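# Results of the structural survey
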Amino acid sequence: MTSFNRSTSRRLKKLTQIPSVWEGDRRPLSSPNQFADSEAKGECILWVDYSQGVVRGMDIVASDIGPEAIVRTLMQAMEHPQSPARPARPQRIVVKDREIQFYLRGVLQDLDIAIDYAPELPLIDELFRGFADILDSQTPDLPPQYAQILREKAFAIWQAAPWEFLEEQQILSIEINKWDVGTLYASVMGMLGMEYGILFYRSEESLKQFRAAVLTDQESTEHLEEAFLKQDCLFLTFESADETDEDEDEEDDLADLPLSEIDPSFGNIHPLEGLRSVLYDEEALVILVAIESLSRFIRDHRRQLHEDIFPTLSRRYRISLPQSEESTKSLPVTVSTMPQLAAELEEMAGFDIDDDQEIDNLDFQSLQDDLIPEDSFLSLGVVSWEMLEYLRKGVSYHQAGEIKPVGDGLPVILVQTSRPKAKTVIERIEATGGLRAICFNPGADPLDGDRYDLGLLQTQNGELFLFGEFLDEDPTHVEARKKWNQRCKNTKGYCGLIIAKGLTGASRGNPQLRDMMALFEARSLSPKDLGIGTLQLMPQLKFE
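What counts and what doesn't
- Residues numbered from 1 in each chain as written.
- Predicted model: local features only at pLDDT ≥ 70, side-chain atom pairs only at ≥ 80, totals over all residues.
- Heavy atoms only, no water.
- Helix = DSSP H or I, 4+ residues; strand = E, 2+ residues; numbered from the N terminus.
- Buried < 20%, exposed > 50% of the residue type's maximum accessible area, 1.4 Å probe, protein only.
- Contact = heavy atoms within 4.5 Å.
- Areas by Shrake-Rupley, 256 points an atom, 1.4 Å probe, with all protein chains shown as cover.
- Core = buried A, V, L, I, M, F, W, Y, C linked by side-chain atoms within 4.5 Å.
- Pairing = 2+ DSSP bridges.
- Axes fitted to C-alpha atoms, helices over the stretch in contact; angles between N-to-C directions.
- Arc of directions from axis to C-beta.
- Parallel < 35°, antiparallel > 145°, perpendicular 65-115°, else oblique.
- Left-handed = near helix turned anticlockwise from the far one by under 90°.
- Nonpolar A, V, L, I, M, F, W, Y, C, P; charged D, E, K, R; others polar.
- Expected span 1.5 Å × (residues − 1).

Glancing now at the overall build of the chain. When you go through the chain residue by residue, the secondary structure sums to 13 helices and 22 strands. Within the span of the chain, comprising 544 residues, buried residues form 47% of the whole. Intrachain contacts of the chain at a sequence separation of at least 6 include 68% that bridge at least 24 residues. Carbon and sulfur atoms make up 46% of the accessible area of the chain, which totals about 28,600 Å².

What follows concerns the nonpolar core. Ile174, Ile176, Phe200, Phe238 and Phe266 are the most contacted members of the largest nonpolar core, which has 52 residues in total. No other element matches the 12 residues that helix α8 (residues 281–305) contributes to this core. If near-sequence neighbours (up to four positions away) are discounted, Ile174 is found in contact with Gly182, Thr183, Leu184, Ala186, Phe200, Ala290, Ser293, Leu294, Val333, Thr334 and Val335. Counting 26 residues, the second largest nonpolar core, distinct from the first, contains Val61, Ala69, Met75 and Ile93.

With that settled, consider the sheet that holds strand β2 (residues 43–49). Read across the open sheet, the five strands follow the order β3-β2-β1-β4-β5; overall the sheet is mixed. Every other strand in the sheet has two partners, leaving β3 (54–61) and β5 (114–117) as the edge strands with one partner each. Within this sheet the neighbouring strands show an average axis-to-axis angle of 20 degrees, counted without direction. The pairing of strand β1 (residues 17–28) with β2 spans seven bridges and is antiparallel. Bridge pairing in β2 places Trp22 opposite Asp49. Along the sheet, helix α3 (residues 98–107) makes contact with β1, β2, β4 (89–95) and β5, crossing β5 at roughly 170 degrees.

Another aspect to go through is the pairing of strand β10 (residues 262–270). Where burial is concerned, most of β10 is hidden: seven out of the nine residues are buried. Relative to β10, strand β9 (residues 233–240) is paired through eight bridges, and the arrangement is antiparallel. Each residue of the ladder has a partner; that of Leu236, found in β10, is Phe266. In this structure, β10 lies alongside strand β11 (residues 274–276), joined through three bridges in antiparallel fashion. Bridge pairing in β11 links His270 to Gly274. In textbook terms, the turn of a hairpin is the stretch between consecutive antiparallel strands, and for β10 and β11 this stretch comprises three residues.

Within helix α10 (residues 385–394), the full set of buried residues consists of Trp385, Leu388 and Leu391. With its buried residues spanning 105 degrees around the axis, α10 presents them on a single face. Among the exposed residues of α10, those oriented more than 90 degrees off its buried face are Glu386, Lys393 and Gly394.

Two elements in contact, helix α5 (residues 144–160) and α8, have axes separated by 10 Å at closest approach and are oriented at 30 degrees. With respect to each other, α5 and α8 are oriented roughly parallel. The two elements α5 and α8 meet at a crossing, and its hand is left-handed. Side by side, α5 and α8 meet where Gln145, Tyr146, Ile149, Leu150, Lys153, Ile157 and Ala160 of the first sit next to Asp281, Ala284, Leu285, Ile287, Leu288, Ile291, Glu292, Leu294, Ser295, Ile298 and Arg302 of the second.

Glancing now at the side chain of Ser20. Tracing the sequence through the fold places Ser20 in strand β1. Aside from chain neighbours lying at most four places away, what touches Ser20 is Asp49, Ser51, Pro90, Gln91 and Arg92.

Let us look at the packing of helix α2 (residues 68–79) against α3. α3 packs onto α2 with a crossing angle of 60 degrees between their chain directions and a minimal axis gap of 10 Å. Regarding the angle of α2 to α3, the classification is oblique. Seen from above, α2 lies across α3 with right-handed handedness. Counting all contacts with α2, which are made through Glu68, Ile70 and Val71, the residues of α3 involved are Ile100, Tyr103, Leu104 and Val107. Classifying every residue of the contact of α2 with α3 gives six nonpolar, no polar and one charged.

If you check α5, its first and last C-alpha atoms are 25 Å apart, about what 17 residues at 1.5 Å a residue would give, namely 24 Å. Here α5 has its buried residues at Tyr146, Ala147, Leu150, Ala154, Phe155, Ile157, Trp158 and Ala160. Packing partners of the buried residues in α5 comprise β8 (196–201), β9, β10 and α8. Phi for Ala161, located one or two positions after α5, is positive at around 50 degrees.

In structure tokens, the structure reads:
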């Protein structure tokens, strides 16, 4: 048996011994009626002065911690008691566990403290009854009867990953018409790789008001917090189950974690309630129906939702309800895309082209593919804001407008070729008046059914030049396009084209600053802005 060091025993014996009886015990800190996900786990150790009716020491420990824990808490009760008690040593200790009694007798034998047994500890019994009442009165985060199914549906959404193809402004309406809820407006978060989840707004007005408030003052933390708390919505968010690494892995993407390390959270935001991480019965049923219908819609229309143009889609489902007091067994729900609302939100955010820089959808006879040399090295990337300043000073530079340095840099298309060919490309672009826009437009080969993402350059005279053909199913390009879209959103639609030399030298595939010959700043266009539809590969092997 472990015993005190002699120096520790001498120190404790110097404490004033008071004519008091202390009660001590160790019990599970939970109630028989406590819900399964309670944070009140482990055991509570209590030492109380029965004579004075005060708590001298208390600690929460894991259930598998040995009997040493009760001695450590006793030492705190003697040397550093909770206020208003003073440091002291009792004459007598009473416990209701024979094992604890025998253990303490061995450990405390040099301290002149009597260790007795009693079947009841009145003061501690009363305190633990109070703890149990508090635990019983707590409201669980989710109604127990819906907790498991809600988590299952949440994980289904996580695995479907709608943020891979839906942007926050691409709203889906979910018509429920039950529990005083008409239509919810779902906004998917996560394409930027920062926060993953879905906001289910109770009204279109609340959604628009929040977006407008955020855009008004993006720098003020206080303003953003106020706008956040004025939302009227239910939410599902995802976070790391291991919160201890949150600071260390601040830049890690949650999507890279295994499913076992993902934890879904539910809640409610209302202007008069603020943020509440608790769902009540009806709210749980509403969000359950919303998640299930959204999952089905994503499953049925995944391919269409991957298109660059947000399509007009609608589908009706009958959602089964879990057993409850509700007499209704199932509920008809209609899920629809809202392209018009998405366009309004994009306009609010400034993703559209300014009037003085509006790009006309000019007619063209054919798509030219002779601007960029066939053997060129192409990449979609980003230039840091610091590097951008060096580029502007050191190369042939064509400005598109005043670009605010938001995000990690300017998204760029890099074309590396030989010096003579690079010079020819630059001269041809300058001859057309410069570069107007960069666009990725859908293309298709009707013969083999392949679908492409076509990289296009539009010059100031309206001509279109093909710079790259990328298969839709190429995972490398899909990831690069995702980052391109995110960065263009950060820069309000600004991007750039870099023409570099050195294709046959040591810097092939990784051109240095000295290799870069020209920078053309431009605007990023969506296929909708370009307005030419899906381009078909014709028999003469040209997209027209």
